[in-house]
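# A closer look at the structure
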Amino acid sequence: MLFNKNDNGAVELYELTGTYCPSNNFEAIAGELNDAAREVANLVGEGVVSAAKEAYAEDSNAELVKAVQLPIACLAMMRYFRQTTVLHQDSGRKITAGDDEKVPFEWMIDRDDRAMQEKYYRSLDALFAYLEKNEIQGWKESYLRRNMQFSIVKDIHTFESVYPIEQSYYLFFMLLPLIVEVQTTKLKKALGDAWERISKDSVASEDEALLYCARRAAVLGALVIAVERWSIEVFPQSIARRFMPTYQGNRANKTASTEEMEWYLNKLKQQSNEAMQDLLSEVAGQNRYEDYPLLPENKRSNKFFNGGC
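In this text, all values refer to a predicted model and were calculated from it rather than measured experimentally. (Residues numbered from 1 in each chain as written. Predicted model: local features only at pLDDT ≥ 70, side-chain atom pairs only at ≥ 80, totals over all residues. Heavy atoms only, no water.)

### Overview of the confidence of the model for the protein chain
Regions with low pLDDT carry predicted coordinates that are not meant to be interpreted in detail. Counted only if it meets this: A residue's pLDDT is simply how confident the predictor is in it, with values from 0 to 100. In DSSP terms, a helix is any run of H or I states spanning at least four residues, a strand is any run of E spanning at least two, and both are numbered starting from the N terminus.
Scored by pLDDT, the protein chain has a mean of 85; 83% of the residues are at 70 or more. Per-element mean pLDDT across the protein chain ranges from 55 in strand β1 (residues 87–89) up to 95 in helix α8 (residues 156–160).

Laid out in structure tokens, this is it:
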């Protein structure tokens, strides 16, 4: 495990997150930490988490250890605290409050849950950025990272040139498989032979405009799929708020209505369709056979026929 060295797990969680009480029983959250570690490993690769465990045991590479520990701790705490709001005893479910304690209102709990979830997403952003910067081998072999070699959108800055995502590496890597899907199902068919030219590591200068149009179509198409398939909880809050045109900054626990989601989705679909039309127009503009004569020039002096034998 990545925690509880020298039976000091609760203190480690407090020093790491600042929100876990160091006097708590560590064993109560140990199961959630194991589950969270498996989930983070599914995102960044088992090799990354294994490398962090080895470094933790050997007291080496503290930067890697902390980068991996933080999202695991945030996810585990978020799930743990959701279960401990109500006490589960033999006589049933109860809540307790001392003379100087008060039970929080439901909206307070909702806001706290969302704050912990946002901290989890930010910690994933930091972990992904660390892995990219340091070129960790286990990360390169992970499922999410392997999608980058097939994608025409190679980094978060290229993505944000089309659609800003608040520099969220987590969201960028989550959307990469959908970008590859759009490329396979739409772009390759639309581009034909031109796809091979723009999907290479180096692109000729005359194809740069075509590549930009293709990237724009891929990004917007991936966002349409994400909004249609994913729960709104998957998106960081700053992105999810775009689904709510009536949001004015209050009621942090308010979710987007069906009408608002449909409005946002229709806007995205419209932009995606426009991007595909721009791509097709760019392809037509590069048609090398556009001026090629379909029929040869017909001259009176150029007549031949076979009279038979």
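### Brief notes about the pattern of salt bridges
Inclusion rule: The term salt bridge refers to a pairing of a side-chain nitrogen on Lys or Arg with a carboxyl oxygen on Asp or Glu at a separation within 4 Å. For the exposure calls, accessible area comes from a 1.4 Å probe over protein chains only, and a residue counts as buried if that area is under 20% of its type's maximum, exposed if over 50%, partly exposed in between.
Using the criterion set out here, one finds twelve salt bridges in the structure. For R79, the salt bridge is made with E39, and the minimal N-O distance between the two is 2.7 Å. One end of the pair, R79, is in helix α4 (residues 62–84); the other, E39, is in helix α2 (residues 27–44), and 40 residues separate them in sequence. Under the relative-accessibility criterion, R79 is labelled partly exposed at 27%. The partner of R229 in a salt bridge is E181, and the shortest N-O contact between them spans 2.8 Å. With R229 in helix α11 (residues 208–229) and E181 in helix α9 (residues 169–191), the pair connects residues that are 48 residues apart, well separated along the chain. R229 sits in the exposed class, given a relative accessible area of 53%. By sharing partners, the salt bridges in this structure join R114, E118 and E233 into a single network.

### Considering the side chain of Q117
So the rule is basically this: By definition, residues are in contact when any of their heavy atoms lie within 4.5 Å.
With respect to the element layout, Q117 can be found in helix α5 (residues 106–134). Judged by its relative accessible area of 10%, Q117 falls in the buried class. Among all residues touching Q117, those that are not within four sequence positions of it are M78 and E233.

### Concerning the packing of aromatic side chains
Here is the rule we go by: Under the pairing criterion, centres of Phe, Tyr and Trp rings, with the six-membered ring standing for Trp, must be within 6.5 Å; the plane angle then separates stacked pairs below 30 degrees from edge-to-face pairs above 60, leaving the rest tilted. Should the NZ of a Lys or the CZ of an Arg lie within 6 Å of a ring centre and within 35 degrees of the ring normal, that charge is described as sitting over the ring.
A complete count under the given rule lists eleven aromatic pairs for this structure. Considering the side-chain rings of F128 and W139, the 5.3 Å spacing of their centres and the 45° angle between planes classify their relative orientation as tilted. Of this pair, F128 sits in helix α5 while W139 sits in helix α6 (residues 137–140), and the two are eleven residues apart along the sequence. Judged on exposure class, the residue F128 and its partner W139 are both buried. Relative to F173, the ring of F172 has its centre 5.0 Å away and its plane inclined at 65°; by these criteria the two rings are edge-to-face. Residue F172 is classed as buried on the basis of its relative accessible area, which comes to 1%. Judged by its relative accessible area of 1%, F173 falls in the buried class. Feature note: the residues F128, W139, F159, F172 and F173 constitute an aromatic cluster, connected by ring pairs. Sitting above the plane of the Y56 ring, K5 keeps its charged end 4.4 Å from the centroid.

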